[in-house]
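Survey of secondary and tertiary structure
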Amino acid sequence: MPVPRLECIYGDAGCDYLYSNSVFLKPLWWTEALSSLRDRITGLTGYKFRIVIGNQYRSGQDSIGWHSDNEQSMGINPAIASVSLGSCRKFQIKPRNGKPTDFWLEHGSLLIMHPGCQSTHLHQVPKTNKVVSSRFNLTFRPHTGGGRSF
């Protein structure tokens, strides 16, 4: 299924990821840099992560619409850590049936969506007509299957 951004996944062996019942991602093994970043975030938050999804938003026209990260493979009420690199982009979050709040995710920012957020809120990175350069987003997530536990 085509998506309006580029994406990849790294993580533990056996932690395959399916979203929207149509996009299947099989993780590559952790790089040293990604596992080091994962360990730093775990040390700061106490949350454990078994996969990281990388998204490249090449321009203001690359986006992701309103959604929650509630795939069954992440378990119940997952915590998600999101690291932004590159161009600053608007991130919106809203309660289901509520009004959005805007955040500007700058290079190097860390956004934590705590357990429960995915069941009560939706979020998106909307398109923009503003000229922006590439943004990379790394979303660290738990996973209930395969691989080893940390």
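The structure we're discussing is the one just above.
Residues numbered from 1 in each chain as written. Predicted model: local features only at pLDDT ≥ 70, side-chain atom pairs only at ≥ 80, totals over all residues. Heavy atoms only, no water.

Observations concerning the nonpolar core
Most often, soluble globular proteins keep nonpolar side chains buried together rather than apart. Core analysis: the biggest nonpolar cluster contains 18 residues, and Ile9, Tyr17, Leu25, Phe91 and Met113 have the highest contact counts within it. Of all the secondary-structure elements, those providing two or more residues to this core are strand 2 (17-19), strand 4 (51-57), strand 7 (89-95) and strand 9 (110-113). Looking at this core, the element that brings in the most residues is strand 4, giving three residues. Core analysis: the next-biggest nonpolar cluster, separate from the first, contains nine residues, Leu34, Ile41, Val52 and Phe140 among them. (Core = buried A, V, L, I, M, F, W, Y, C linked by side-chain atoms within 4.5 Å. Buried < 20%, exposed > 50% of the residue type's maximum accessible area, 1.4 Å probe, protein only. Helix = DSSP H or I, 4+ residues; strand = E, 2+ residues; numbered from the N terminus.)

Let's talk about the pattern of salt bridges
As enumerated under the stated definition, the model contains six salt bridges in all. Between Arg50 and Asp12 there is a salt bridge; the shortest N-O distance is 2.9 Å. Placement of the pair is Arg50 in the loop between helix 1 (32-45) and strand 4 and Asp12 in the loop between strand 1 (6-11) and strand 2, with a sequence separation of 38 residues. A single burial state applies to Arg50 and to Asp12, both of which are buried. Among the ionic pairs, Lys90 bridges to Asp102, the shortest N-O distance being 3.6 Å. Here Lys90, found in strand 7, pairs with Asp102, found in strand 8 (residues 101-105); they are twelve residues apart in sequence, far enough to count as distant. Since its relative accessible area comes to 26%, Lys90 is described here as partly exposed. (Salt bridge = Lys/Arg side-chain N within 4 Å of Asp/Glu carboxyl O.)

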